[in-house]
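# Close look at the chain arrangement
Take a look at the letters that make up each chain.
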There are 2 protein chains.
Amino acid sequence: MSIGEHHRALLDRATRVIPGGMYGHMSVQRMMPEGYPQFFTHAHGNRLTDVDGNTYIDYMCAFGPMILGYGHPRVAAAAAAQREQIDTATGPAPVMVELAERFVGQISHADWALFGKNGNDATTACLMMARARTSNTKVLLAKGAYHGSQPWATPIRGGVTASDRADFVYYEYNDIVSLEKAAAEAGDDLAGIVVSAFKHDAFVDQAMPDPAFARRARELCDAADAVLILDEVRAGFRLSLDASWSTQVGVQPDLSAWGKCIANGEPISAVLGNDRVREAASEIYVTGSFWYQAAPMAAALATLDELVALDAPRTMEVLGQTLRDGLCEQAERHGHAIRQTGPVQMPLIQFEDDPKLAKGFAFCSELIKRGIYFHAWHNMFLSTAHTMADIEQTLEATDLAFRELAVS
Amino acid sequence: MSIGEHHRALLDRATRVIPGGMYGHMSVQRMMPEGYPQFFTHAHGNRLTDVDGNTYIDYMCAFGPMILGYGHPRVAAAAAAQREQIDTATGPAPVMVELAERFVGQISHADWALFGKNGNDATTACLMMARARTSNTKVLLAKGAYHGSQPWATPIRGGVTASDRADFVYYEYNDIVSLEKAAAEAGDDLAGIVVSAFKHDAFVDQAMPDPAFARRARELCDAADAVLILDEVRAGFRLSLDASWSTQVGVQPDLSAWGKCIANGEPISAVLGNDRVREAASEIYVTGSFWYQAAPMAAALATLDELVALDAPRTMEVLGQTLRDGLCEQAERHGHAIRQTGPVQMPLIQFEDDPKLAKGFAFCSELIKRGIYFHAWHNMFLSTAHTMADIEQTLEATDLAFRELAVS
């Protein structure tokens, strides 16, 4: 497989009318190894087809949103049925109340729900709620953590001002001393602490939350009457059917931010909160033209049903463990030192001694040629639409890719 | 018509699981007169049906997004066909390039396009682009103008910090002296000036842009090598098939922000820009999980086709002028002093000597009972799905409402 003429023609056109040819996390030219396609014409189950007709097993799942498979029949039918009646309109539909009730029933820390579009709508609303709750300004963020691309959070500083970052203090994820130091720096002005479900920063090893760190974050919030905010946007429902900290480290956040997969790709995000923050949540003014759209809410209800019915986190864990074990055995056999970090449902595979990603990129380039869409420096995503047969097919390709790498 | 038992039951449930029962611009309890429904089950053409089965002619059009009628067959079919192939995925579809080309072809100032979800994604990206372009920080905003609900823009201060607003200087819309003063205050640090298509602030008279004011904004940007940003999110395609300032006051912006109606309710927003800002646009990092979704892009292409085919701004102008003339005659006949301001396609009707909106709310309450959904303090929206028969039916209701008001 290779980038063919349809791709080249489309890339030429894109370069004329889209800044840089493409932007954000979907810019292949800036982000990905040679040979990666930029444009796709079809997505079904776990398979992607590019504009030259090449098909791939997709391990990015739209960077998370696809969790049940592209075009999942039940989710698509729920969205379509809702769309027939009402979608974006002058007021919300009853499905909004049903979905809020559903989240409150399923997520143990949640007493209420508020919906937006972007994951960043949710994380930004959480900041505002924490500040409204406490009348304080300072929020603690982990260095290098991604919480969206608004000026307060975007990882690249173009167009960002000093004021955009003035109300934040930074700590190291899983480092209690640095967290305490940041809290001390915020002092009487601490509004909240934002924590990611686990450390899933790009380019570096992933790490699960240390329970002692998680408990200390909770204690610091309690001591200051501040708000503990869990960013579940990327990890949501791949580790747990509850908020991941609730099950994994036994710590309840006050607020959690959700997005990406909660409607299997239909655009919706959510803030879930407890009663400590309910009044503050009703005092801030956050909204958007499409936030009350009914079809993604109907899709979310169907997605939640399916995730529970399939025990999705466990299903993906079994697939992910098989992939990880296979890669581990192959790397060793071919003489490659690799690190696999983070939860198996969201794999990250890095080569040792590969600071410029030469090996990682070469490995991925070998795989994309063989119809496997891997990522070299961003965590990948499994879905319930991946099968053991897909994992086996993938491992056949990785075996060949490791061998090519050894030879070259 | 009245709020019935289905509504009361749903409002009770909503109060338990949604902050304040509802939030943002769709919170009826906080925003609207007595008798307004919160939840709707159906939307077709220009008609909304609430959970108790009452049907309304909708003059809010989802606060703008609906411009061709709810469930427009051609737009819905385009979105559905795209969804069958690919929607949210690991990369964009070719339709993204087609849509960018289409905007560049239609909007005279535009050399490129970038897409997001919320209108606020577009306005925020414009700030970042202006700052990246100039390496300056200060942006001028009109006092009271709405550009979204992010902390830098939300009209209610809950959860907003001083730093969120530190990089802005405020001017009065259409007031050249105040604009010059704000630019002087920004001095060497001027990054850009944001202007709304027209003054459409809530609660106050609307105003079309004064051409001299518009030209001065352009001159000030040129003199400082700063960026002129037109917020077209609310007004887009109701006044013009081009950027509204291009046709109405002969001034070309560098950037324009679009949202709401560009895909007739499917969630998509856009930044359009000229070559002065192209490089800056490619240097900032803005993105979102759903920004590359293909179905809303296919819907946008179909929407643009229809808007052009119908000469939508002119169609709505004829309807809006008939409504305005009728209301003017009726108010005079019933002895009510009213003001109708702004473009007829986006009507705002206010009563004189009505500081607490007692008359405006009473008028709207009379109308909602009669199946007409009006707004008392936010501009309304016409669509191409409204007909002369709808306007006539509406004027019959307003005649009765004015009479009731005179009697009481």
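Residues numbered from 1 in each chain as written. Chains lettered and ligands numbered in written order. Predicted model: local features only at pLDDT ≥ 70, side-chain atom pairs only at ≥ 80, totals over all residues. Heavy atoms only, no water.

Let us now look at the environment of Val104 of chain B. You can see Val104 of chain B is positioned in helix 4 (residues 95–106). Placed 170 residues apart in sequence, Val104 of chain B and Asn274 of chain B show a C-alpha to C-alpha distance of 9.3 Å. With sequence-adjacent residues up to four places away left out, Val104 of chain B is seen in contact with Val17 of chain A together with Ala110, Asp111 and Trp112 of chain B. (Helix = DSSP H or I, 4+ residues; strand = E, 2+ residues; numbered from the N terminus. Contact = heavy atoms within 4.5 Å.)

Taken together, the contact between chain B and chain A spans 98 residues of the former and 98 residues of the latter. Summed over both sides, the interface of chain B with chain A buries roughly 8100 Å², with 60% coming from carbon and sulfur. When the buried area of chain B at its contact with chain A is split by residue, Tyr23, Thr90 and Tyr285 of chain B rank highest and sum to 11% of it. The interface formed by chain B and chain A contains two salt bridges. In this assembly, chain B and chain A are joined by 47 residue pairs in polar contact (both at pLDDT 80 or more). (Buried area = accessible area lost by both parts, 1.4 Å probe. Salt bridge = Lys/Arg side-chain N within 4 Å of Asp/Glu carboxyl O. Polar contact = N/O pair within 3.5 Å; in protein donor to acceptor, adjacent residues only side chain to side chain.)

For the pair chain B and chain A, the relating rotation is 180 degrees, the translation along its axis is 0.0 Å, and the fit reaches an RMSD of 0.0 Å. Here the symmetry operator amounts to a two-fold rotation axis. In terms of proximity to the rotation axis, the leading residue of chain B is Ser163 of chain B, whose C-alpha is 2.6 Å off the axis. A shared interface surface links the copies, since 100% of the contact residues of chain B are contact residues in chain A too. (Least-squares fit on C-alpha atoms with pLDDT ≥ 70 in both.)

Residue and element names in this part refer to chain A. Positive phi, normally seen in glycine, also occurs at Cys61, with a value near 50 degrees. Along the chain, Cys61 turns up in the loop between strand 3 (55–58) and helix 3 (73–85). Positive phi values are uncommon outside glycine, yet Asp225 reaches one of about 55 degrees. Positionally, Asp225 belongs in the loop between helix 7 (211–224) and strand 8 (227–231).

Okay, the packing of aromatic side chains next. Inspection of the entire model under this criterion finds 34 aromatic pairs over all chains. Centre to centre, the rings of Phe203 of chain B and Trp377 of chain B are 4.3 Å apart; their planes meet at 5 degrees, and the pair counts as stacked. With Phe203 of chain B in the loop between strand 7 (190–196) and helix 7 (211–224) and Trp377 of chain B in the loop between strand 13 (372–373) and helix 13 (388–407), this residue pair connects regions lying 174 residues apart in the sequence. Residue classification places Trp377 of chain B among the buried residues on the basis of a relative accessible area of 10%. A network of ring pairs unites the aromatic residues Tyr59, Phe351, Phe363, Phe374 and Phe402 of chain A as a single cluster. Looking at Arg131 of chain A, its charged tip hangs above the ring of Phe168 of chain A, at a distance of 5.1 Å from the centre. (Phe/Tyr/Trp six-rings, centres within 6.5 Å; stacked < 30°, edge-to-face > 60°. Buried < 20%, exposed > 50% of the residue type's maximum accessible area, 1.4 Å probe, protein only. Lys NZ or Arg CZ within 6 Å of the ring centre and 35° of its normal.)

A few words now on the pairing of strand 8 of chain A. All names here are of chain A. Of all the five residues making up strand 8, five are buried; the element is thus mostly covered by neighbouring parts of the structure. Taking every second residue as pointing to the same face, both faces of strand 8 are buried, with Val227, Ile229 and Asp231 on one and Leu228 and Leu230 on the other. When strand 7 (residues 190–196) meets strand 8, the two strands line up parallel, connected through five bridges. Its bridge partner lying in strand 8, Val195 is registered against Leu230. For the crossover from strand 7 across helix 7 to strand 8, the handedness is right-handed. In this sheet, strand 9 (residues 255–258) lies alongside strand 8 in parallel orientation, the contact comprising three bridges. Note that in strand 9 the partner of Leu230 across the bridge is Ser256. (Pairing = 2+ DSSP bridges. Right-handed = clockwise from strand over helix to strand, strands pointing away.)

With respect to the helices, strands and loops of the structure, Asp87 of chain A is situated in the loop between helix 3 and helix 4 (95–106). Here Asp87 of chain A is buried and forms no salt bridge, its nearest opposite-charge partner Arg83 of chain A lying at an N-O distance of 4.2 Å. Once residues within four sequence positions are removed from consideration, Asp87 of chain A is found in contact with Tyr292, Gln293, Ala294, Ala295 and Pro296 of chain A together with Glu266 of chain B. (Lys, Arg positive; Asp, Glu negative; His and termini not counted.)

The subject of this paragraph is the pattern of salt bridges. Residues and elements named next belong to chain A. The tally for this structure, following the rule as stated, stands at 44 salt bridges over all chains. The residue Glu266 makes a salt bridge to Arg83 at a minimum N-O spacing of 3.1 Å. Remark: Arg83 occurs in helix 3 and Glu266 occurs in the loop between strand 9 and strand 10 (269–273); sequence separation between them is 183 residues. A salt bridge links Asp205 to Arg339; the nearest nitrogen and oxygen atoms lie 2.8 Å apart. With Asp205 in the loop between strand 7 and helix 7 and Arg339 in strand 11 (residues 338–341), this residue pair connects regions lying 134 residues apart in the sequence. Through salt bridges with shared partners, a single ionic network connects Arg133, Arg218, Asp222, Asp225, Asp254 and Arg276.

All names here are of chain A. Strand order in this open sheet of seven strands is 4-10-9-8-7-5-6, and the pairing throughout is mixed. In this open sheet, the two edge strands, each paired with only one partner strand, are strand 4 (112–116) and strand 6 (168–171). Going from strand to strand, the sheet's axes swing by 20 degrees on average, the running direction of each strand aside. Examined bridge by bridge, strand 5 (residues 138–142) and strand 7 share three bridges and lie parallel to one another. Bridge assignment links Leu140 to a residue of strand 7, and that residue is Ile193. In the packing of helix 6 (residues 176–186) onto the sheet, contacts are made with strand 5, strand 6 and strand 7, and the angle to strand 6 comes to roughly 165 degrees. (Axes fitted to C-alpha atoms, helices over the stretch in contact; angles between N-to-C directions.)

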